[in-house]
Amino acid sequence: FVLEVMGRHCGYLALVSALACGADWVFFPEMPPEDGWEDNMCQKLSENRADKKRLNIIIIAEGAIDCHNKAITPDYIKDLVVGRLGLDTRVTILGHVQRGGTPSAFDRILASRMGVEAVVALLEASADTPACVVSLVGNQAVRLPLMECVQMTQEVQKAMDEKKFDEAVRLRGRSFEHNLSTYRLLASRKADSELPNSSFNVAVLNVGAPAAGMNAAVRSAVRVGITEGHKMFAVNDGFEGFHKGQIKEIKWGDVGGWTGQGGSLLGTKRTLPGKHLDKIAEQMSIHNINALLVIGGFEAYMGLLELSSARDKYSEFCVPMVMIPATVSNNIPGSDLSIGSDTALNAITDTCDRIKQSASGTKRRVFIIETMGGYCGYLATVGGLAAGADAVYIFEEPFDIRDLQTNVEHLTHKMKTSIQRGLVLRNENCSENFTTDFIYQLYSEEGRGVFDCRKNILGHMQQGGAPSPFDRNFGTKVAAKAIQWISRMLNESYKGGNVFANSEESVCLLGMRRRAMVFQPLAHLQGETDFVHRIPKDQWWLKLRPVMKILAKYKIDYDVSESGQLEHVNQVRPKESDFSACI
């Protein structure tokens, strides 16, 4: 399949969609292919068919060119593939269908945060303040001078006109560079003779509940690991499969097509390793495992803490270990975002839209909806902001009967105007006594004669099906970064023919903190963790709750201390270091 996507002179859509779907080849204007690309592409397609891959995807940006500024069109690619390889080839030009549709949860939250930031920027501006662009770097709002942004965009085009394509990619920003380097790592397999000579074995396992994007992370880890020269092993069914010896080597072709698959193809269990430490150590010795990559939720976090605390007793655990947060609840300390939470938010937002639409044309109605998340109110709060909720009840913000009464009265007053629909979200563990049934009955009684109520418990449908593009790319890039960290740690800890790493820095969690991806020792994160309720003690998204209440027409104060500051474009990109890098 040959797909043409929009973008004109910017290849962002082509590059990121290629990364998200695991495309075999991508063309975009910032990095035209070198002479002889036709032969290279056809050779790669032939090799993929020889490896029994039945489907190939080639993505072309509408402004794609070769190194001589000649346009590359979908029809030219089709004729080339059919003429040289005789493969059945179809062309799809997506066109303006890419612009339409319902906005994703991510776009709604981004728009809400940018809108707030823009108003605050205007209120803080003086006569001397330059015009600015409100933007988001990582997970932090920033303000950039408008003219510097315009100049940067013009410099990209100038670099492309002068055929300085490496410079054009650099000017697009750190995120664009990372996307391109990650795609190159994953797209083409090197010959065995070209791989680094490494004797290390790296095991990958999923732990906890399934989360959309886990498979994309495993695929990325396996392929980057093989590119780094390691032998990769897959552990089925988490720590439970580990102690039973369900471990096998996993090759490049074994993870083909995993990017868009939901759930966990490796299998995942909530079992902690504590009761089976001796057997896990034995399996690590049998398979000579030199490093561990654990992808999962709070059980993965707890499991790695148990393994690291047992290092004094079992020398097999004295190896580099890294965890990637993957849970719909987004309740892992040390990371603002987790793989799978974006897909869950899309499922919640889409369901809330459908539920509200179900009452279209009927009398005034309020929907009480219960979300997942354990004691973490992330899904309820951010889902409520994306879906336009009137009230959201969570564990982190205690409430009493007076708060419930205030919310009911506020909603009743709104319903007496032109408002036809009300939406109330409740986190499943927000209160032991104020249950979903209680809140439903309270709203039904107090709203009698003004509106009627319906309740919905969304349940496991929130775990979503296929991962969202954000979760696919987030999982892909984070896993690639984790494997590169493992390679560096293995080289540093390899002495006398053995790997030995028992420092705190050798057991890390890779998470997004504000604008940077940071490797943080698990030992340092314990003080930030509420182990009883399985949540971080400090959660960034609580600062979004005032925005949600203001949009629901509550008169409350808004804290501007976290608002962005005016920066220069060249300062937005933090320097790469051993423990942090902008995603």
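Quick caveat, the model's predicted, so the values are computed rather than measured.

(A) Spotlight on the overall build of the protein chain. Per the secondary structure count, the protein chain includes 18 helices and 23 strands. A compact globule built from 583 residues should have a C-alpha radius of gyration of about 25 Å, and the protein chain, at 25 Å, falls within 12% of that. The principal-axis extents of the C-alpha atoms in the protein chain amount to approximately 75 × 65 × 50 Å. With 583 residues in all, the protein chain has 53% of them scored as buried. Restricting the contact set of the protein chain to residue pairs at least 6 apart, pairs at least 24 apart contribute 77%. Of the roughly 26,500 Å² of accessible surface on the protein chain, 50% is carried by carbon and sulfur atoms. Each charge class in the protein chain can be summarised by its mean position, and for the 65 positive and 68 negative side chains these summaries are 4 Å apart.

(B) Summary view of the domain arrangement of the protein chain. As assigned here, the protein chain comprises domain 1 (2–99), domain 2 (105–163), domain 3 (201–339 + 467–538) and domain 4 (349–463). A separation of 46 Å is found between the C-alpha centroids of domain 1 and domain 4.

(C) Summary view of the pairing of strand E12 (residues 321–325). Counting buried positions along E12 yields five of five residues, so the element is predominantly enclosed. Taking every second residue as pointing to the same face, both faces of E12 are buried, with Met321, Met323 and Pro325 on one and Val322 and Ile324 on the other. Of the strand pairs in this sheet, strand E11 (residues 291–296) and E12 are connected by five bridges, and their pairing is parallel. Each bridged residue has a counterpart across the sheet, and for Leu292 the counterpart in E12 is Met321.

(D) Layout of helix H6 (residues 165–172). When we look at burial in H6, the residues that qualify are Phe165, Ala168, Val169 and Leu171. Around the axis of H6, the buried residues are gathered within 165° of arc, so they sit on the same side. The inward-facing, buried residues of H6 contact helix H5 (146–161) and helix H7 (174–187). At the exit of H6 stands Gly173, carrying a positive phi of roughly 120°.

(E) Spotlight on the packing of aromatic side chains. Counted under the stated rule, the structure contains 18 aromatic pairs. Residues Trp37 and Tyr76 carry aromatic rings whose centres are separated by 6.1 Å and whose planes lie at 65° to one another, so their mutual orientation is edge-to-face. One end of the pair, Trp37, is in helix H2 (residues 37–50); the other, Tyr76, is in helix H3 (residues 74–85), with 39 residues separating them in the sequence. Among the residues examined, Trp37 registers a relative accessible area of 5% and is labelled buried. Centroid distance Tyr301 to Phe531: 6.1 Å. Interplanar angle 10°. Geometry classified as stacked. Taken together, the positions of Tyr301 in helix H11 (residues 298–309) and Phe531 in the loop between strand E21 (529–530) and strand E22 (535–536) put the pair 230 residues apart, joining distant regions of the chain. Residue classification places Tyr301 among the buried residues on the basis of a relative accessible area of 0%.

(F) Here's a closer look at the UniProt feature "domain: Phosphofructokinase" (unreviewed entry) in the protein chain. Cross-referencing UniProt, the feature "domain: Phosphofructokinase" (unreviewed entry) maps to residues 1–121 and 201–486 in the present numbering. Strand forms 12% of residues 1–121 and helix 44%; the C-alpha atoms that close the span are 46 Å apart. Structurally, residues 201–486 is divided into 40% helix and 18% strand, and its ends, taken at the C-alpha atoms, are 11 Å apart.

(G) Structural detail: empty space enclosed by the protein. All chains considered together, the criterion is met by two cavities of 30 Å³ or more. The space that makes up the largest cavity amounts to roughly 40 Å³. As for the largest cavity, its lining consists of Ala18, Leu19, Gly22, Ala23, Tyr183, Leu186, Ala187 and Arg219. Elements that contribute at least two residues to the lining of the largest cavity include exactly helix H1 (12–21) and H7. Top contributing element to the lining of the largest cavity by residue count: H7, with three residues. Here the lining of the largest cavity is composed, by residue class, of six nonpolar, one polar and one charged. Its volume calculated, the second largest cavity comes out at about 30 Å³. Residue lining of the second largest cavity: Arg189, Lys190, Asp192, Leu195, Ile226, Thr227 and Trp252, and that is the complete set. Partitioning the lining of the second largest cavity into residue classes produces three nonpolar, one polar and three charged.

(H) Broad picture of helix H15 (residues 436–446). Those residues of H15 that sit buried are Thr436, Ile439, Leu442 and Tyr443. Along the axis of H15, the buried positions cluster into a sector of 130°, meaning they face one direction only. Next to the buried residues of H15 lie strand E13 (365–371), strand E14 (391–393), helix H14 (401–415), strand E15 (421–427) and strand E16 (452–457).

(I) Just the sheet that holds strand E4 (residues 91–93), in detail. Taken together, four strands build an open sheet; the order of strands is E2-E3-E1-E4 and the sheet is parallel. The open sheet terminates on both sides in strands that have one partner only, identified here as strand E2 (25–27) and E4. Neighbour-to-neighbour, the strand axes of this sheet turn through a mean angle of 15°, independent of strand direction. Here strand E1 (residues 2–5) runs beside E4; their pairing, made up of three bridges, is parallel.

(J) Looking closely at the nonpolar core. Ranked by size, the top nonpolar core spans 126 residues in total, and within it Leu293 and Phe317 carry the most contacts. Tallying contributions element by element places helix H16 (residues 469–493) first for this core, with ten residues. Phe317 has contacts with Leu277, Ile280, Ala281, Met284, Leu307, Ala310 and Arg311, leaving out every residue within four places of it along the chain. Among the nonpolar cores identified, the runner-up in size contains 17 residues, and Ile368, Leu404, Val424 and Phe434 belong to it.

(K) Up close: the packing of H6 against H7. Here H6 crosses H7 at 120°, and the two axes come no closer than 5 Å. Comparing the axis directions of H6 and H7 gives the class oblique. Across the interface between the two elements, Val169, Arg170 and Arg172 of H6 pack against Phe176, Glu177 and Leu180 of H7. Residue composition of the contact of H6 with H7, grouped by class: three nonpolar, no polar and three charged.

Analysis parameters
- Residues numbered from 1 in each chain as written.
- Predicted model: local features only at pLDDT ≥ 70, side-chain atom pairs only at ≥ 80, totals over all residues.
- Heavy atoms only, no water.
- Helix = DSSP H or I, 4+ residues; strand = E, 2+ residues; numbered from the N terminus.
- Rg over C-alpha atoms; globule rule 2.2 N^0.38 Å.
- Buried < 20%, exposed > 50% of the residue type's maximum accessible area, 1.4 Å probe, protein only.
- Contact = heavy atoms within 4.5 Å.
- Areas by Shrake-Rupley, 256 points an atom, 1.4 Å probe, with all protein chains shown as cover.
- Lys, Arg positive; Asp, Glu negative; His and termini not counted.
- Charge placed at Lys NZ, Arg CZ, Asp CG, Glu CD.
- Domains from an automatic or database assignment.
- Pairing = 2+ DSSP bridges.
- Arc of directions from axis to C-beta.
- Phe/Tyr/Trp six-rings, centres within 6.5 Å; stacked < 30°, edge-to-face > 60°.
- UniProt positions renumbered as here; feature names shortened; annotations may be inferred.
- 1 Å grid on protein atoms, 1.4 Å probe; cavity = no way out; pocket = protein on both sides within 12 Å on 5 of 7 lines; lining within 4 Å.
- Points joined across faces, edges and corners; volume = space filled by probe spheres on them.
- Nonpolar A, V, L, I, M, F, W, Y, C, P; charged D, E, K, R; others polar.
- Axes fitted to C-alpha atoms, helices over the stretch in contact; angles between N-to-C directions.
- Core = buried A, V, L, I, M, F, W, Y, C linked by side-chain atoms within 4.5 Å.
- Parallel < 35°, antiparallel > 145°, perpendicular 65-115°, else oblique.

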